[in-house]
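Here is what each chain is made of, one letter per residue.
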Amino acid sequence: MTSPLISPAETTAYGALPVPAPHSDAELAALLRLLTVPGARVATVAVGHSRDTASRSAAAAFAEAWRTLGRLPVLAVVDWPESAASWLRAARRLTAGEPDAWVVAAAPLGWAQMSRRLRHSTEWDPARTYGFATLGDSRVPALAGPSTLQGMRGAAADGSTWTIDRGWVTHQLPARPPTAGPRGTL
């Protein structure tokens, strides 16, 4: 069995990664919409986050908003460091209880490491995983490796959403109601 750890050479190849920023209200609202859209079938969630202040705050805000919506309690809130020997303990805690979905607020490198451990050692499904804005960067799936994050979705600070597909992050603009235009003919 090979190690899922990202090598130092791989981590430097992608340059400086974004630092988690405080989440926005629009970002949190978009994330909640992704999880509660009709047909989503999400009742239970587990929340994971890195140990930086912005990620901790985003995870706590999500858990509180989830409760405010009257949803079932969050099964677990799990944190992890940016660097570790394996992330196995955190991966097992995050997947215990078999949640319907996972919500992640994290720094890109730590999440890439954690997602590799999740894929390597658990029954975690990236298509049932939702992330905050910092993870909507195409360097994250590149670091994590081919198909590790396939299908993961998330929200950007402006309330738009993103999806990881074949190693790329694609952003979708927020839905806007149609505006009434001038009446008449051309």
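Above this text is the structure in question.
Bear in mind the structure is a predicted one, so any value in this text is a computation, not a measurement. (Residues numbered from 1 in each chain as written. Predicted model: local features only at pLDDT ≥ 70, side-chain atom pairs only at ≥ 80, totals over all residues. Heavy atoms only, no water.)

**Some thoughts on the overall build of the protein**
The number of helices and strands found in the protein is six helices and seven strands. From first element to last, N terminus to C terminus, the protein shows the α and β order α-α-β-α-β-α-β-α-β-α-β-β-β. In terms of C-alpha radius of gyration, the protein reaches 17 Å, essentially the compact-globule figure of 16 Å for 186 residues. Seen along its three principal axes, the alpha-carbon backbone of the protein occupies a region of about 70 × 40 × 30 Å. For the protein, with 186 residues in total, the buried portion stands at 46%. For the protein, restricting intrachain contacts to residue pairs at least 6 apart in sequence, the fraction spanning at least 24 positions comes to 72%. Surface accessibility of the protein: about 9800 Å² in total, with carbon and sulfur atoms responsible for 57%. Of note, the protein has its 18 positive side-chain charges centred 3 Å away from the centre of its 14 negative side-chain charges. (Helix = DSSP H or I, 4+ residues; strand = E, 2+ residues; numbered from the N terminus. Rg over C-alpha atoms; globule rule 2.2 N^0.38 Å. Buried < 20%, exposed > 50% of the residue type's maximum accessible area, 1.4 Å probe, protein only. Contact = heavy atoms within 4.5 Å. Areas by Shrake-Rupley, 256 points an atom, 1.4 Å probe, with all protein chains shown as cover. Lys, Arg positive; Asp, Glu negative; His and termini not counted. Charge placed at Lys NZ, Arg CZ, Asp CG, Glu CD.)

**Remarks on the pairing of strand β7 (residues 168-172)**
Where strand β6 (residues 161-165) lies against β7, five bridges are found, and the strand directions are antiparallel. Residue pairing for β7: Thr-163 is matched across the bridge by Thr-170. Counted along the chain from β6 to the antiparallel partner β7, the turn is two residues long, and its residue Arg-166 has a positive phi close to 50°. (Pairing = 2+ DSSP bridges.)

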